[in-house]
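Structural description and commentary
Here is how the chains run, residue by residue.
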Protein chains: 2
Amino acid sequence: MFSKACEYGIRAVLFIAKQSQQDLRPNIAEIAKAVDSPEPFTAKVCQQLARENVLLSKKGPNGGFYLEKDSTLKLSEIIAVIDGDSIFKGCGLGLGECSSEKPCPVHDQFQEVRDGLKKMCETTTILQLADKLQKGETFLKL
Amino acid sequence: MFSKACEYGIRAVLFIAKQSQQDLRPNIAEIAKAVDSPEPFTAKVCQQLARENVLLSKKGPNGGFYLEKDSTLKLSEIIAVIDGDSIFKGCGLGLGECSSEKPCPVHDQFQEVRDGLKKMCETTTILQLADKLQKGETFLKL
DNA sequence: ATTTTTAAAGACAATTTTATCTTTAAATTA
DNA sequence: TAATTTAAAGATAAAATTGTCTTTAAAAAT
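Let me begin by describing the structure that accompanies this report. (Residues numbered from 1 in each chain as written. Chains lettered and ligands numbered in written order. Predicted model: local features only at pLDDT ≥ 70, side-chain atom pairs only at ≥ 80, totals over all residues.)

Concerning the interface of chain A and chain B
As a reminder of what qualifies: Note on contacts: residues are paired as contacts if their backbone-placed C-beta atoms lie within 7 Å. Put simply, DSSP H or I for four residues or longer makes a helix, DSSP E for two residues or longer makes a strand, and each gets a number counted from the N terminus. Polarity classes work like this: nonpolar for Ala, Val, Leu, Ile, Met, Phe, Trp, Tyr, Cys and Pro, charged for Asp, Glu, Lys and Arg, and polar for all others, with Gly in that last group.
At the junction of the two partners, chain A supplies 33 residues and chain B supplies 33 residues. Where the side of chain A that touches chain B is concerned, the elements lending two or more residues are α1 (4-20), α6 (107-123) and α7 (126-134) of chain A. Of the residues in the side of chain A that touches chain B, the class split is 18 nonpolar, eight polar and seven charged.

Here is the structure:
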């Protein structure tokens, strides 16, 4: 569904969000350990998210990545930055031109599924998810 | 969503199904042209599908690929052969262990989307889709 | 039987994605 | 100011996916 980069990115942001709620600012080593992802690759993904203002970062001792406590960040924003929006928009069969006027054979069927995914990602906030994580109701690694 | 191989595979099978309804047996060159896909890559995908008995093939003059006229082939079967079933089963965040007992932060949300995709792919038959193609209601290339 | 047509198989190449490593720049602390 | 900690950036490497080419085997037609 998503690229590895995107999976790592979402996992990292969720951990960062959870820590940020406790005024902590994890660095890359802590993040990669917490979400069980390769450290240098995770660094690249987090840096990309910071460049795009999805995450905030601070250099130097006691620096790291963080989110505003009242962030309204949505799942969809992370996905859009890392994987682009082809998963929400693109044709299920990879046709360049595919619309309700000139639909591919699975256009209607996929539209429904994709719209469901899109709505879900646009209405799910990172803070909501981080909250459940905080409560121990969900997990970021096995 | 799907790999290129899978996209080409579905498009090829749909064209083959449409032709089969008219007792035609397109060869790779015809298929690749009809669905606008790279010929050698399409050949590999079709051969894989034939090996797995999703498609039938015949060598020699006037040979090519075909489907039984009363085939009950589902979209899900093509996807399963080419991409495997991770899209229907795997964790949205790539966790190896993710279940309702030990869910990832997006487990419930993704479950719903994935189930919708799964049900759609399992209930959509190739013959249904080929029929619309035949009627000119849908298209395989721009 | 020979030739032709076609799928099958496998080797090879290019590209993209994933992953790592090294150097640089910024910020803090002492 | 010097030393330390950390993100940022960029070079490099490995693996997977995508794409191509060549050879082989099967089937049909002549």
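Description of the protein's contact with DNA strand D
For clarity, the threshold we go by: Nearness is defined per residue: the C-beta atom, placed using the backbone, must lie within 6 Å of the molecule or strand.
Contacts to DNA strand D come from 25 residues, most closely from A:N27, B:S3, B:P38, B:P40 and B:G60. Secondary-structure elements contributing two or more residues to the surface near DNA strand D are α3 (39-51) and β2 (64-66) of chain A together with α1 (4-20) and α3 (39-51) of chain B. Top contributing element to the surface near DNA strand D by residue count: α3(A), with four residues. Within the surface near DNA strand D, the residues separate by chemical class into ten nonpolar, ten polar and five charged.

Quick look at the protein's contact with DNA strand C
Residues in contact with DNA strand C amount to 25 residues; listed here are only the nearest, A:S3, A:P38, A:P40, A:G60 and B:N27. Counting residues per element, the surface near DNA strand C draws most heavily on α3(B), which supplies four residues. Taken together, the residues that form the surface near DNA strand C break down as ten nonpolar, ten polar and five charged.

Looking at the relation of the copies chain A and chain B
In plain terms, the rule: Least squares is the method for superposing the copies, and the C-alpha atoms it fits come from residues with pLDDT of at least 70 in both.
By a simple turn and slide, chain A fits onto chain B: the slide is 0.0 Å along the axis, the RMSD is 0.0 Å, and the turn is 180 degrees. What we have between these two chains is a two-fold relation. In terms of proximity to the rotation axis, the leading residue of chain A is A:M1, whose C-alpha is 2.6 Å off the axis. A share of 100% of the interface residues of chain A reappears at the interface of chain B, consistent with the copies meeting face to face through the same patch.

Looking at the packing of α6(A) against helix α6 (residues 107-123) of chain B
The cut-off we apply is this: In this analysis an axis means a line fitted to C-alpha atoms, helices contributing only their contacting stretch, and an angle means the value between N-to-C directions, from 0 to 180 degrees. Throughout this description, any angle smaller than 35 degrees is read as roughly parallel, any larger than 145 degrees as roughly antiparallel, any in the 65 to 115 degree range as roughly perpendicular, and the remainder as oblique.
Where α6(A) meets α6(B), the axes come as close as 10 Å, and the angle between the chain directions of the two elements is 180 degrees. As judged from the angle between their axes, α6(A) and α6(B) are roughly antiparallel. Across the interface between the two elements, A:Q109, A:V113, A:G116, A:L117 and A:M120 from α6(A) touch B:Q109, B:V113, B:G116, B:L117 and B:M120 from α6(B). Per-class residue counts for the contact of α6(A) with α6(B) are six nonpolar, four polar and no charged.

Some thoughts on α7(A)
Residues and elements named next belong to chain A. Quick reminder of the rule: Every C-beta atom is placed from the backbone, and the number of other C-beta atoms within 10 Å of a residue's own sets its class: buried at 20 or more, exposed at 12 or fewer, partly exposed in between. It is the directions from the helix axis to the C-beta atoms that the arc portrays.
Every buried residue of α7 is accounted for by I126, L127, L129 and A130. Down the axis of α7, the buried side of the element spans an arc of 160 degrees, and every buried residue falls inside it. Packed against the buried residues of α7 are α1 and α4 (75-83). Phi for G136, located one or two positions after α7, is positive at around 80 degrees.

Comments concerning the packing of α1(B) against α3(B)
Residue and element names in this part refer to chain B. Relative orientation of the contacting elements α1 and α3 amounts to 75 degrees, with a least axis distance of 9 Å. Taken together, the axes of α1 and α3 lie roughly perpendicular to each other. Note on element contacts: α3 touches α1 through F41, T42, V45, C46 and L49, opposite A5, Y8, G9, A12 and V13. For the contact of α1 with α3, the class distribution of residues is eight nonpolar, two polar and no charged.

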